[in-house]
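Remarks on the overall topology
Listed below, chain by chain, are the residues.
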Amino acid sequence: MLAKEHIDDLLTRDGKVLSTEGDKIGSIGQVYTDDDSGQPTWVTVKTGLFGTSESFVPLEGARVEGDNIVVPFGKDQVKDAPRVDTDGHLEPSEEDRLYRHYRVNGGGVRGTEAGRTSDFRSNEGRAGTGFREDADTTGTVGRDTSGPTTDDAMTRSEERLNVGTEQQATGRARLRKYVTTENVTQTVPVQREEVRIEREPITDANAGAAMSGPDISEEEHEVVLHEERPVVEKETVPVERVRLNKDTVTDEVTVDEEVRKERIETEGLRDDRR
(Lines give C-alpha, C1' and ligand atoms only; values in the text may rest on other atoms or scores of the structure.)
Protein backbone atom coordinates (compact mmCIF):
# COMPACT_ATOMS: atom_id res chain seq x y z
CA MET A 1 0.00 0.00 0.00
CA LEU A 2 1.18 3.53 -0.78
CA ALA A 3 2.10 5.33 2.47
CA LYS A 4 2.75 9.02 3.16
CA GLU A 5 6.46 8.40 3.71
CA HIS A 6 6.70 7.44 0.03
CA ILE A 7 5.48 10.81 -1.21
CA ASP A 8 8.63 12.93 -1.10
CA ASP A 9 10.70 10.03 -2.38
CA LEU A 10 8.40 9.46 -5.37
CA LEU A 11 8.19 13.14 -6.26
CA THR A 12 11.97 13.51 -6.43
CA ARG A 13 12.32 10.59 -8.85
CA ASP A 14 11.30 10.32 -12.47
CA GLY A 15 8.71 7.70 -11.63
CA LYS A 16 5.94 6.37 -13.82
CA VAL A 17 2.35 5.34 -13.22
CA LEU A 18 1.72 1.82 -14.51
CA SER A 19 -1.41 -0.28 -14.96
CA THR A 20 -1.72 -3.73 -13.40
CA GLU A 21 -0.89 -5.18 -16.82
CA GLY A 22 2.41 -3.30 -16.77
CA ASP A 23 1.41 -0.69 -19.38
CA LYS A 24 2.92 2.74 -18.89
CA ILE A 25 0.12 5.26 -18.36
CA GLY A 26 2.31 8.34 -17.85
CA SER A 27 4.70 10.13 -15.50
CA ILE A 28 3.94 10.96 -11.86
CA GLY A 29 2.78 14.55 -11.55
CA GLN A 30 1.30 15.43 -8.13
CA VAL A 31 0.29 13.37 -5.10
CA TYR A 32 -2.77 14.45 -3.10
CA THR A 33 -3.19 13.45 0.57
CA ASP A 34 -6.15 13.13 2.93
CA ASP A 35 -6.67 16.11 5.27
CA ASP A 36 -7.24 13.98 8.36
CA SER A 37 -4.85 11.05 7.98
CA GLY A 38 -2.28 12.55 5.64
CA GLN A 39 -2.35 9.35 3.60
CA PRO A 40 -1.99 9.67 -0.20
CA THR A 41 -5.36 9.41 -1.93
CA TRP A 42 -4.81 10.77 -5.45
CA VAL A 43 -1.98 10.93 -7.97
CA THR A 44 -1.95 12.90 -11.21
CA VAL A 45 -0.54 11.28 -14.32
CA LYS A 46 1.17 13.36 -16.99
CA THR A 47 -0.01 12.13 -20.38
CA GLY A 48 -0.23 13.49 -23.87
CA LEU A 49 2.49 15.10 -25.94
CA PHE A 50 5.38 16.19 -23.68
CA GLY A 51 3.19 15.42 -20.63
CA THR A 52 1.05 18.52 -21.12
CA SER A 53 -2.12 16.80 -19.87
CA GLU A 54 -2.68 15.51 -16.33
CA SER A 55 -5.31 12.99 -15.23
CA PHE A 56 -6.31 12.22 -11.64
CA VAL A 57 -6.09 8.58 -10.50
CA PRO A 58 -7.22 7.32 -7.04
CA LEU A 59 -4.53 5.53 -5.06
CA GLU A 60 -6.94 3.05 -3.52
CA GLY A 61 -5.47 -0.40 -4.17
CA ALA A 62 -2.24 1.09 -5.61
CA ARG A 63 1.26 -0.13 -4.73
CA VAL A 64 4.84 1.07 -5.15
CA GLU A 65 7.24 -0.87 -7.34
CA GLY A 66 10.65 0.79 -7.30
CA ASP A 67 10.23 4.33 -8.62
CA ASN A 68 6.83 3.55 -10.09
CA ILE A 69 3.25 3.46 -8.84
CA VAL A 70 1.06 0.58 -10.02
CA VAL A 71 -2.68 1.44 -10.03
CA PRO A 72 -5.59 -1.02 -10.51
CA PHE A 73 -6.92 0.81 -13.54
CA GLY A 74 -6.42 0.50 -17.27
CA LYS A 75 -4.64 3.01 -19.47
CA ASP A 76 -7.76 3.97 -21.40
CA GLN A 77 -9.80 4.46 -18.22
CA VAL A 78 -7.22 6.90 -16.87
CA LYS A 79 -7.01 8.87 -20.11
CA ASP A 80 -10.82 9.10 -20.25
CA ALA A 81 -11.09 10.46 -16.70
CA PRO A 82 -12.87 13.83 -16.23
CA ARG A 83 -10.55 16.79 -16.70
CA VAL A 84 -9.86 18.59 -13.40
CA ASP A 85 -7.49 21.51 -12.88
CA THR A 86 -4.37 20.55 -10.94
CA ASP A 87 -4.37 23.77 -8.91
CA GLY A 88 -3.39 22.28 -5.55
CA HIS A 89 -6.85 21.35 -4.29
CA LEU A 90 -9.95 19.42 -5.32
CA GLU A 91 -13.50 20.70 -5.01
CA PRO A 92 -16.06 18.22 -3.60
CA SER A 93 -17.91 18.12 -6.90
CA GLU A 94 -14.65 17.35 -8.72
CA GLU A 95 -13.92 14.48 -6.36
CA ASP A 96 -17.44 13.13 -6.87
CA ARG A 97 -17.00 13.10 -10.63
CA LEU A 98 -13.68 11.30 -10.38
CA TYR A 99 -14.93 8.72 -7.90
CA ARG A 100 -17.92 7.96 -10.11
CA HIS A 101 -15.65 7.53 -13.12
CA TYR A 102 -13.40 5.04 -11.32
CA ARG A 103 -16.31 3.47 -9.36
CA VAL A 104 -14.58 3.82 -6.01
CA ASN A 105 -15.34 5.66 -2.76
CA GLY A 106 -13.02 8.13 -1.06
CA GLY A 107 -12.60 11.17 1.17
CA GLY A 108 -11.18 14.68 1.06
CA VAL A 109 -7.64 15.44 -0.03
CA ARG A 110 -5.08 18.19 -0.07
CA GLY A 111 -2.52 18.63 -2.78
CA THR A 112 1.20 18.01 -2.46
CA GLU A 113 3.63 18.82 -5.24
CA ALA A 114 7.38 18.74 -4.52
CA GLY A 115 6.73 19.29 -0.82
CA ARG A 116 4.09 22.05 -1.29
CA THR A 117 0.65 21.53 0.29
CA SER A 118 -2.59 23.38 -0.26
CA ASP A 119 -5.85 22.62 1.56
CA PHE A 120 -9.22 22.78 -0.18
CA ARG A 121 -12.41 24.02 1.41
CA SER A 122 -14.84 21.51 2.92
CA ASN A 123 -18.16 21.77 4.78
CA GLU A 124 -18.53 20.93 8.50
CA GLY A 125 -14.76 20.49 8.83
CA ARG A 126 -14.93 17.23 6.84
CA ALA A 127 -12.98 16.93 3.63
CA GLY A 128 -14.44 15.37 0.53
CA THR A 129 -18.02 14.87 1.72
CA GLY A 130 -19.31 16.27 -1.54
CA PHE A 131 -21.98 18.54 0.07
CA ARG A 132 -22.33 22.34 0.27
CA GLU A 133 -25.02 24.73 1.38
CA ASP A 134 -28.00 25.04 -0.93
CA ALA A 135 -27.12 28.63 -1.87
CA ASP A 136 -23.61 30.06 -2.25
CA THR A 137 -22.41 33.66 -2.11
CA THR A 138 -23.05 34.16 -5.83
CA GLY A 139 -26.77 33.52 -5.43
CA THR A 140 -26.81 30.15 -7.17
CA VAL A 141 -29.57 27.87 -5.88
CA GLY A 142 -28.26 24.35 -5.12
CA ARG A 143 -25.35 22.83 -6.98
CA ASP A 144 -24.75 20.33 -9.73
CA THR A 145 -23.65 17.08 -8.11
CA SER A 146 -22.53 15.67 -11.46
CA GLY A 147 -20.36 18.61 -12.54
CA PRO A 148 -19.47 22.24 -11.88
CA THR A 149 -22.21 24.48 -10.47
CA THR A 150 -23.74 26.68 -13.17
CA ASP A 151 -27.09 28.37 -12.57
CA ASP A 152 -30.54 27.56 -11.18
CA ALA A 153 -31.76 25.62 -14.22
CA MET A 154 -31.08 22.26 -15.80
CA THR A 155 -30.95 21.82 -19.54
CA ARG A 156 -32.93 18.92 -20.98
CA SER A 157 -31.80 17.62 -24.35
CA GLU A 158 -33.13 15.07 -26.77
CA GLU A 159 -32.10 13.48 -30.01
CA ARG A 160 -34.00 14.24 -33.19
CA LEU A 161 -33.91 12.47 -36.52
CA ASN A 162 -32.66 14.39 -39.52
CA VAL A 163 -33.59 12.12 -42.42
CA GLY A 164 -32.26 12.84 -45.88
CA THR A 165 -31.55 10.91 -49.04
CA GLU A 166 -28.48 9.96 -50.97
CA GLN A 167 -28.03 8.59 -54.47
CA GLN A 168 -26.37 5.28 -55.03
CA ALA A 169 -25.99 2.98 -58.03
CA THR A 170 -28.34 -0.02 -57.86
CA GLY A 171 -27.77 -1.64 -61.26
CA ARG A 172 -26.99 -1.20 -64.96
CA ALA A 173 -29.18 -1.56 -68.07
CA ARG A 174 -27.80 -1.95 -71.60
CA LEU A 175 -28.97 -2.64 -75.16
CA ARG A 176 -27.57 -5.63 -77.06
CA LYS A 177 -28.39 -6.91 -80.57
CA TYR A 178 -28.26 -10.54 -81.57
CA VAL A 179 -29.35 -12.41 -84.72
CA THR A 180 -32.08 -15.05 -84.83
CA THR A 181 -33.37 -17.12 -87.78
CA GLU A 182 -37.04 -17.73 -88.50
CA ASN A 183 -39.02 -19.23 -91.40
CA VAL A 184 -41.21 -16.95 -93.49
CA THR A 185 -43.93 -18.53 -95.65
CA GLN A 186 -45.41 -16.45 -98.47
CA THR A 187 -47.64 -17.51 -101.42
CA VAL A 188 -46.63 -16.14 -104.83
CA PRO A 189 -48.81 -16.63 -108.00
CA VAL A 190 -46.87 -18.17 -110.98
CA GLN A 191 -47.96 -18.78 -114.59
CA ARG A 192 -47.17 -21.62 -116.98
CA GLU A 193 -48.05 -22.49 -120.53
CA GLU A 194 -49.97 -25.67 -121.45
CA VAL A 195 -50.66 -27.19 -124.87
CA ARG A 196 -54.22 -27.02 -126.13
CA ILE A 197 -55.29 -28.70 -129.41
CA GLU A 198 -57.57 -26.68 -131.62
CA ARG A 199 -59.32 -28.23 -134.61
CA GLU A 200 -60.98 -26.21 -137.31
CA PRO A 201 -62.84 -27.47 -140.40
CA ILE A 202 -61.70 -26.68 -143.95
CA THR A 203 -63.53 -23.75 -145.28
CA ASP A 204 -63.19 -21.48 -148.26
CA ALA A 205 -61.29 -19.14 -146.02
CA ASN A 206 -58.52 -21.59 -145.05
CA ALA A 207 -58.60 -24.00 -147.98
CA GLY A 208 -55.65 -22.36 -149.64
CA ALA A 209 -53.47 -22.76 -146.55
CA ALA A 210 -54.59 -26.30 -146.05
CA MET A 211 -53.84 -27.37 -149.65
CA SER A 212 -50.44 -25.63 -149.87
CA GLY A 213 -48.41 -28.65 -148.91
CA PRO A 214 -48.01 -32.15 -150.30
CA ASP A 215 -50.99 -34.35 -150.44
CA ILE A 216 -49.56 -37.12 -148.23
CA SER A 217 -46.46 -36.58 -146.01
CA GLU A 218 -44.95 -37.01 -142.58
CA GLU A 219 -44.40 -33.84 -140.62
CA GLU A 220 -43.67 -32.64 -137.07
CA HIS A 221 -44.61 -29.37 -135.48
CA GLU A 222 -43.66 -28.15 -132.04
CA VAL A 223 -44.25 -25.19 -129.73
CA VAL A 224 -42.17 -23.97 -126.78
CA LEU A 225 -43.91 -24.00 -123.41
CA HIS A 226 -43.02 -21.45 -120.70
CA GLU A 227 -43.69 -21.23 -117.00
CA GLU A 228 -42.88 -18.81 -114.13
CA ARG A 229 -40.82 -19.82 -111.12
CA PRO A 230 -40.51 -17.82 -107.84
CA VAL A 231 -37.28 -15.90 -107.42
CA VAL A 232 -36.25 -15.02 -103.82
CA GLU A 233 -34.07 -12.07 -102.94
CA LYS A 234 -33.31 -10.77 -99.43
CA GLU A 235 -32.60 -7.18 -98.50
CA THR A 236 -31.84 -5.54 -95.17
CA VAL A 237 -34.06 -2.64 -94.23
CA PRO A 238 -34.22 -0.62 -90.95
CA VAL A 239 -37.44 -1.24 -89.07
CA GLU A 240 -37.14 0.73 -85.78
CA ARG A 241 -34.80 2.55 -83.41
CA VAL A 242 -34.46 1.51 -79.78
CA ARG A 243 -32.86 3.62 -77.03
CA LEU A 244 -32.54 3.56 -73.22
CA ASN A 245 -34.13 6.30 -71.17
CA LYS A 246 -34.67 6.83 -67.43
CA ASP A 247 -37.81 7.79 -65.53
CA THR A 248 -37.81 8.96 -61.91
CA VAL A 249 -40.29 7.06 -59.74
CA THR A 250 -41.07 8.24 -56.20
CA ASP A 251 -41.63 5.64 -53.50
CA GLU A 252 -42.23 6.06 -49.78
CA VAL A 253 -39.81 4.41 -47.35
CA THR A 254 -40.54 4.27 -43.62
CA VAL A 255 -37.53 4.98 -41.38
CA ASP A 256 -37.62 3.39 -37.93
CA GLU A 257 -34.87 4.57 -35.57
CA GLU A 258 -34.44 4.99 -31.84
CA VAL A 259 -33.84 8.45 -30.37
CA ARG A 260 -32.87 9.28 -26.82
CA LYS A 261 -34.61 11.92 -24.71
CA GLU A 262 -33.66 13.31 -21.36
CA ARG A 263 -36.38 13.39 -18.73
CA ILE A 264 -36.29 15.55 -15.61
CA GLU A 265 -37.86 14.36 -12.39
CA THR A 266 -37.87 15.87 -8.94
CA GLU A 267 -36.98 14.38 -5.61
CA GLY A 268 -37.51 15.62 -2.08
CA LEU A 269 -40.36 18.00 -2.98
CA ARG A 270 -43.54 18.16 -0.94
CA ASP A 271 -46.72 20.14 -1.29
CA ASP A 272 -47.19 22.36 1.81
CA ARG A 273 -50.40 23.91 0.58
CA ARG A 274 -53.57 23.02 2.46
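Residues numbered from 1 in each chain as written. Predicted model: local features only at pLDDT ≥ 70, side-chain atom pairs only at ≥ 80, totals over all residues. Heavy atoms only, no water.

This part covers the environment of Lys-261. Secondary-structure assignment places Lys-261 in the segment after helix H4 (207-210). Since its relative accessible area comes to 44%, Lys-261 is described here as partly exposed. In the structure, Lys-261 is positioned 103 residues away from Glu-158 in sequence and 4.0 Å away in space, judged by C-alpha atoms. Ignoring sequence-local partners within four residues, the contact set of Lys-261 consists of Ser-157 and Glu-158. (Helix = DSSP H or I, 4+ residues; strand = E, 2+ residues; numbered from the N terminus. Buried < 20%, exposed > 50% of the residue type's maximum accessible area, 1.4 Å probe, protein only. Contact = heavy atoms within 4.5 Å.)

Moving on: the pattern of salt bridges. Across all of its chains, the model carries seven salt bridges by this definition. Two residues, Glu-159 and Arg-260, come together in a salt bridge whose shortest N-O distance is 2.9 Å. With Glu-159 in the loop between strand S8 (116-118) and H4 and Arg-260 in the segment after H4, this residue pair connects regions lying 101 residues apart in the sequence. On the accessibility criterion, Glu-159 (31% relative accessible area) is partly exposed. Overall, Arg-260 belongs to the exposed group, its relative accessible area being 62%. Arg-192 is the partner of Glu-194 in a salt bridge, and the nearest nitrogen-oxygen pair spans 2.9 Å. By relative accessible area, which is 57% here, Glu-194 ends up exposed. Linked by salt bridges that have partners in common, Arg-156, Glu-158 and Arg-160 make up one network. (Salt bridge = Lys/Arg side-chain N within 4 Å of Asp/Glu carboxyl O.)

Here we take up the packing of aromatic side chains. Scanning the entire structure with this criterion turns up four aromatic pairs. With a centroid separation of 5.1 Å and 65° between ring planes, the pair formed by Tyr-32 and Phe-56 is classed as edge-to-face. In this pair, Tyr-32 sits in strand S2 (residues 24-33) while Phe-56 sits in strand S4 (residues 53-58), placing the two residues 24 residues apart along the sequence. Here Tyr-32 falls in the buried class, since its relative accessible area comes to 0%. Under the relative-accessibility criterion, Phe-56 is labelled buried at 0%. Ring plane angle 80° and centroid distance 6.3 Å describe the contact between Trp-42 and Phe-56, whose orientation is recorded as edge-to-face. Of this pair, Trp-42 sits in strand S3 (residues 40-47) while Phe-56 sits in strand S4, and the two are 14 residues apart along the sequence. On the basis of relative accessibility, which here comes to 0%, the residue Trp-42 falls in the buried class. (Phe/Tyr/Trp six-rings, centres within 6.5 Å; stacked < 30°, edge-to-face > 60°.)

A few words now on a nonpolar patch on the surface. Taken together, the side chains of Leu-161, Val-163, Val-255 and Val-259 make up a nonpolar region of the molecular surface, amounting to roughly 330 Å² of accessible area. By the element assignment, Val-255 lies in the segment after H4. Classification of Val-255 by relative accessible area gives partly exposed; the value is 48%. (Patch = residues over 30% accessible without salt bridge, like charges linked within 9 Å, V, L, I, M, F, W, Y side chains within 5 Å. Areas by Shrake-Rupley, 256 points an atom, 1.4 Å probe, with all protein chains shown as cover.)

Because each turn of an α-helix spans 3.6 residues, side chains separated by three or four positions in sequence point in the same direction. In terms of burial, helix H3 (residues 92-102) is a largely internal element, eight of the 11 residues being buried. Restricting attention to buried positions, one finds in H3 the residues Pro-92, Ser-93, Glu-94, Glu-95, Asp-96, Leu-98, Tyr-99 and Tyr-102. Next to the buried residues of H3 lie S3, S4 and helix H2 (75-79). Arg-103, located one to two residues past H3, shows a positive phi value of around 60°.

Notably, Arg-103 is not glycine yet its phi reads approximately 60°, a positive angle. Secondary-structure assignment places Arg-103 in the loop between H3 and strand S7 (110-113).

Before going further, it helps to examine the nonpolar core. Within the largest apolar cluster, 25 residues are counted, with the highest numbers of intra-cluster contacts made by Val-57, Ile-69 and Val-71. Per-element tally for this core: the top contributor is S2, with four residues. Discounting residues that sit within four places of it in the chain, Val-57 has contacts with Thr-41, Trp-42, Val-43, Val-45, Val-71, Phe-73, Val-78 and Tyr-102. (Core = buried A, V, L, I, M, F, W, Y, C linked by side-chain atoms within 4.5 Å.)

Nothing here speaks to function; it is all geometry.
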